Amino acid sequence: MDVMKLDYNYKGGNALTELERITSKAAEVQDNILCGILERNKDTEYLSKYMKGSKDVVEFKRSVPIITYKDIYPYIQRIANGEDSSLITGHPITEILCSSGTSAGEPKLMPTISEDLDRRTFLYNLIIPIVNKYIPGLDKGKAMYLNFVKAETSTPCGLPIRAVLTSYYKSKHFQCRPYDPFNDLTSPIQTILCEDSNQSMYCQLLAGLIHRHKVMRLGAVFASAFLRAISYLEKKWSQLCEDIRTGRLNPMITDPGCQIAMSCLLTSPDPELASEIEEICSRSSWKGILCHLWPRAKFIEAVVTGSMAQYIPALEFFGQGKIPLVCPMYASSETYFGVNVEPLSKPSDVVFTLLPNMCYFEFIPLGKNGALSFDLDDDEQVPCDKVVDLVNVKLGRYYELVVTTFAGLYRYRIGDVLQVAGFYNEAPQFRFICRRNVVLSIDLDKTNEEDLHRSITLAKKKLGSNAFLAEYTSYADTSSVPGHYVLFWEIQGHLEPKLMEGCCVAVEEELDYIYRQCRTKERSIGALEIRVVKPGTFEKLMDLIISQGGSFNQYKTPRCVKSNSATFKLLNGHVTASFFSPRDPTWVA
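Values in this document were obtained by computation on a predicted structure and should not be read as measured data.

### Examining helix α12 (residues 256-265)
Argument step 1. Those residues of α12 that sit buried are Cys-258, Ala-261 and Met-262. Down the axis of α12, the sector holding all buried residues measures 95°, keeping them to one side. Among the exposed residues of α12, those pointing more than 90 degrees away from its buried face are Pro-256, Ile-260 and Cys-264.
Argument step 2. At its buried positions, α12 is contacted by α9 (189-192) and α10 (197-210).
Argument step 3. Looking at where α12 begins, the residue whose side-chain oxygen comes 3.1 Å from the main-chain nitrogen of Gly-257 is Asp-255.

### Re the packing of helix α11 (residues 223-246) against helix α13 (residues 271-281)
Argument step 1. Contact geometry for α11 and α13: axes closest at 8 Å, N-to-C directions at 165°. Relative to α13, the element α11 is oriented roughly antiparallel. As α11 packs across α13, the resulting crossing turns out to be left-handed. Between α11 and α13, the contacting residues are Trp-237, Cys-241, Ile-244 and Arg-245 on the first element and Pro-271, Leu-273, Ala-274, Ser-275, Ile-277, Glu-278 and Cys-281 on the second.
Argument step 2. Across the contact of α11 with α13, the residue classes tally to eight nonpolar, one polar and two charged.

### Here's the deal with the pairing of strand β6 (residues 215-222)
Argument step 1. In terms of burial, β6 is a largely internal element, eight of the eight residues being buried.
Argument step 2. Here strand β3 (residues 142-146) runs beside β6; their pairing, made up of five bridges, is parallel. Counted as the bridge partner of Leu-146 is Ala-220 from β6.

### Considerations on the pairing of strand β10 (residues 336-339)
Argument step 1. As defined by bridge partners, strand β9 (residues 329-331) adjoins β10 across three bridges and the pair is classed as antiparallel. For Ala-331, the partnering residue across the bridge sits in β10 and is Tyr-336.
Argument step 2. A loop of four residues connects β9 with β10, the two strands running antiparallel in sequence.
Argument step 3. As paired elements, β10 and strand β11 (residues 352-354) share two bridges and run antiparallel to each other. From the neighbouring strand, Val-339 faces β11, where its bridge partner is Thr-353.

### Side note on empty space enclosed by the protein
Argument step 1. In the structure shown here, the tally under the stated rule is six cavities of 30 Å³ or more.
Argument step 2. In this model, the largest cavity occupies a volume close to 140 Å³.
Argument step 3. Along the walls of the largest cavity sit 15 residues, with Asp-116, Arg-119, Glu-334, Thr-335 and Tyr-336 positioned nearest its centre.
Argument step 4. Listing elements by their share of the lining of the largest cavity, those giving two or more residues are β2 (109-113) and α6 (116-134).
Argument step 5. Looking at the lining of the largest cavity residue by residue, the classes come out as seven nonpolar, four polar and four charged.

What counts and what doesn't
- Residues numbered from 1 in each chain as written.
- Predicted model: local features only at pLDDT ≥ 70, side-chain atom pairs only at ≥ 80, totals over all residues.
- Heavy atoms only, no water.
- Buried < 20%, exposed > 50% of the residue type's maximum accessible area, 1.4 Å probe, protein only.
- Helix = DSSP H or I, 4+ residues; strand = E, 2+ residues; numbered from the N terminus.
- Arc of directions from axis to C-beta.
- Contact = heavy atoms within 4.5 Å.
- Polar contact = N/O pair within 3.5 Å; in protein donor to acceptor, adjacent residues only side chain to side chain.
- Axes fitted to C-alpha atoms, helices over the stretch in contact; angles between N-to-C directions.
- Parallel < 35°, antiparallel > 145°, perpendicular 65-115°, else oblique.
- Left-handed = near helix turned anticlockwise from the far one by under 90°.
- Nonpolar A, V, L, I, M, F, W, Y, C, P; charged D, E, K, R; others polar.
- Pairing = 2+ DSSP bridges.
- 1 Å grid on protein atoms, 1.4 Å probe; cavity = no way out; pocket = protein on both sides within 12 Å on 5 of 7 lines; lining within 4 Å.
- Points joined across faces, edges and corners; volume = space filled by probe spheres on them.

The following block contains the structure:
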């Protein structure tokens, strides 16, 4: 197979056949991918520094260091300022992709080349054929899949800076795609391309309601975005019904593209449909609302792994537990990784099969706690001989993902902790565990995203039946000595102080040995605090982050915020009550 002519143009059954082929020859495909990257990019300034024009794979693995974003950023910045793409890649960089930046720290700028869209499209073209094996008949209706773009900026030399999904939705791969009955969206393309997320949301929901009896699947990229749409619907349903009843679009919609697109759907008044929707939305409880509004919907498609697992109970509430949750893919702004070949598995059991034709994969071995499985000083780089290839990972082991791409990332640490859960043909399947670099720390303690989420998931059960946790984030308060963990919780329902204190205790009991030692023996960490914020605070947080350049599609609630940041000030300004752990957590020497 000549990787230089690798074909990504597969759809439907052909895409599934290609999936079987590349996973059955994972080692060969990976070898060819790496050889192709080195052949193309051997003369770049970056690779020449380490390999001096060689394209030898052994030399690459021996000489090219394993890096993080700070190592490659100066090269990206030089290209953004007008220097040639040949600094890092043999093909022209066509745009800069901006990461969400809400999992940990500031957004990152990632180079991309035109053929990267082919790779992303290949993965997208796999999703519904895979699901259709388990849920047949998806070509008999429409998909209310909510897509959004964000306003783009540009580099000093004129390269567009876009979110990865905005890049895809603005590309010919999306806009000029042939009609596909498996991907017949309710949303007109003009409503997706509207950069005003409020107008886009209104029009996309209106289109979904107009087609409510044809909709067979629901979704958005992230669970949080889909729940945001439900929240928006709760506020706007009466106006949406009025549009359907009168056949006229709400005058708040001023975007010309949205106006034209919706005029094609609102061709005449439909008081009967409006009354149906009005009756459903005016019910006292919205439990099962998705089943009632879209009775033919067979599943909800959204990312529900990692920090998105927080939203599973809410999705199940609105779907009344009757609509399966499908988590279809694993991807990032750096590159796309893999797909879920068992889409009806429980969210807690979701694993992703890495696609060996996406990029070149390597893995840093980790211990179960996410720490490196070998000694390394803080200023040392990961030794080149410590990483393993895609087909040489071991079942049950934990790894940090490292990628090499055609667009100029070489042995780049993604920062995701994965566990090998099985194999699909030759290709390993991974369970996403957490991000390595999202932590709370006061002293010697290191609490990552997974530990925090697990402890809160167990602790929130203490709230009882009259309240539930809608959203959360955290920060390490070091303004006093000793410092302590602060959790911002948005709770719906009745607060009982004793139960809230019980939640504080429960969170601390689930944190790791070092944390509990620091709390109980060393006294270097103070009692954990839960600050309850007003309802709607986390929506305001999302609005703030999006207003600062974040992407609606890629938005994830930050699980840790920095003190004195705008996000912290917003959260702290909406606190209605505060509770501290009344006792030390259990610790045995």
